[in-house]
Amino acid sequence: MATRSQPKLLAQGKPRTLGGSTRPWRVRLYAPGAGSNKFQVFFRAPAGEGEPWKRVLRRAASEDEARKIFAQAEAALDTEQATPVGADVRASRTIRMLGEEYLRDSRERGKQPRTLEGRESRLNAHILPTIGDVPVTKWRVEHSRKVMEKGSKTLFSQRGREDLRGQLAAMRKLAWRLGWLDRSIDPLDGLEIGRAHVLHGATAQYVDPRLRPETRQVKAMADAADKLCGPDGTDPLMTRLPLLGTKIRVAGFGGLRLGEQNALRAIDVFFDRGYVHVNGSWITPRKAVGFRGPVKNHSLHEVPLPKSLMHDELLPRAKELLGLPAKSSLQQVINAQEVERQRRASLATREKDKNLAWWNYPVPPEDELWLFVDTVTGLPAKPEMHNERWHRVRAWVETNDPDNAWPRTIVYRNLRHHAATKWFHDELGEPWEVVAQYLGDKLTTVLNHYVRAGEDALRDSVNKLAER
């Protein structure tokens, strides 16, 4: 009787005694045997806590794939990491499962609720309906192109398409890190998205000067909000936000983000020093109550504001919140603020969390000293309510003060652009590195947004030619 031929040994690893073995063993790669077309990789892997290691077989359809499994097993045993999984497990690791891991990883990294909502929305709207059932091991550039094609039908802004591609890139990086996708495979290699026209000397993030509101427009909007939302206002929907005009001035002359404006408290304003301490952001997750979270990038910063804004508008509100009479002196307000800061600082020292200080000591939202509130709830207004009131003010200015009408192409957040360029840089003459500190941004971010190479030279040439 003829004996069955043994499969040919193609490669073997270093001798090992892992797993309680008395005799050395090796990772071995065999060619297909008689009656088979599969390459085989044998090694040992942990079976459970305190149990002997079990013998494992992994099959591959090609020698290249088999040698990759062989190399993965050797590397995993060298570094005591997880050994290669079976084909059934690899097939179950789909883009849908990768998406779940991506969201879990984002939560563990402490991403803000709005950021998580955006990532989940892109995942559910564009990625999963298109390639959700594709195994991660088979993810290729053609799948990524399908996602971008689907996104192009509903994402009309360049920024939206860039965010979608960025999420695909983040998921690719996670797949590499988890070992679900071989690092030699890049499912985004060659993926191009339509490029926007960029003005010469500007970056892709450059903000066109036409999208930076003029000071006269900022003042007109703030004055209109004073009229519509103040004590003499007649529309109860508007008077729910009594200090909307002041809030607009804080945005236009301080550059605070909307969440930072909403999170301002009476103790964050340093009247004797002329600035506000930006140390938190009001966060409103979907289907959940709002809370005061950390400032963006966890970057605390101070922002100077005009004295008229601080003393004429913020000071009376601070007196009210601190329970002081309207005729209280400035020094009395400063003293009351310091007492409250010290009280919170003292309470923070008793907590286990040593990162707590006066400015981030947790206080129930209903008991906080908010500067800007919705009078019905006593809490900062939701972004949706704020934006709706903003558009009412814009429509009023467009009708009653058309010379200073706010362009419909400029959104509320562009008040930050006015503060950076028209106010801090042009009016106050501050260098860009100082502007970056006031905004709580990196210098490179500010330069990419507002500085165009050769712009000053162009302006000089235009002035010279105007005289000829």
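Residues numbered from 1 in each chain as written. Predicted model: local features only at pLDDT ≥ 70, side-chain atom pairs only at ≥ 80, totals over all residues. Heavy atoms only, no water.

(A) Representation of the sheet that holds strand 9 (residues 301–304). The sheet built from three strands is open, its strands ordered 5-6-9 with antiparallel pairing. Here the strands that pair on one side only, and so sit at the sheet edges, are strand 5 (269–270) and strand 9. Where strand 6 (residues 275–278) lies against strand 9, four bridges are found, and the strand directions are antiparallel. Opposite Tyr275, over in strand 9, you have Pro304 as the bridge partner. (Pairing = 2+ DSSP bridges. Helix = DSSP H or I, 4+ residues; strand = E, 2+ residues; numbered from the N terminus.)

(B) Region of the structure containing the packing of helix 9 (residues 244–254) against helix 13 (residues 383–400). Their axes nearest at 12 Å, the elements helix 9 and helix 13 cross at an angle of 95 degrees. In terms of orientation, helix 9 lies roughly perpendicular with respect to helix 13. Across the interface between the two elements, Leu244, Lys247 and Ile248 of helix 9 pack against His386, Arg389, Trp390 and Val393 of helix 13. A class-by-class count of the residues in the contact of helix 9 with helix 13 yields four nonpolar, one polar and two charged. (Axes fitted to C-alpha atoms, helices over the stretch in contact; angles between N-to-C directions. Parallel < 35°, antiparallel > 145°, perpendicular 65-115°, else oblique. Contact = heavy atoms within 4.5 Å. Nonpolar A, V, L, I, M, F, W, Y, C, P; charged D, E, K, R; others polar.)

(C) Seen up close, the side chain of Arg265. Inspection of the secondary structure puts Arg265 in the loop between helix 10 (258–262) and strand 5. Under the relative-accessibility criterion, Arg265 is labelled buried at 0%. A distance of 3.5 Å separates polar atoms of two side chains, one belonging to Arg265 and the other to Asn279. A distance of 3.0 Å separates a polar side-chain atom of Arg265 from the backbone oxygen of Trp359. Not counting residues within four places of it along the chain, the set of residues in contact with Arg265 comprises Asn279, Arg292, Arg344, Trp358, Trp359, Glu368, Leu369, Trp370 and Leu371. (Buried < 20%, exposed > 50% of the residue type's maximum accessible area, 1.4 Å probe, protein only. Polar contact = N/O pair within 3.5 Å; in protein donor to acceptor, adjacent residues only side chain to side chain.)

(D) Spotlight on empty space enclosed by the protein. For the structure on display, the rule yields one cavity of 30 Å³ or more. Put simply, the largest cavity is a space of about 70 Å³. Considering only residue class, the lining of the largest cavity consists of eight nonpolar, one polar and two charged. (1 Å grid on protein atoms, 1.4 Å probe; cavity = no way out; pocket = protein on both sides within 12 Å on 5 of 7 lines; lining within 4 Å. Points joined across faces, edges and corners; volume = space filled by probe spheres on them.)

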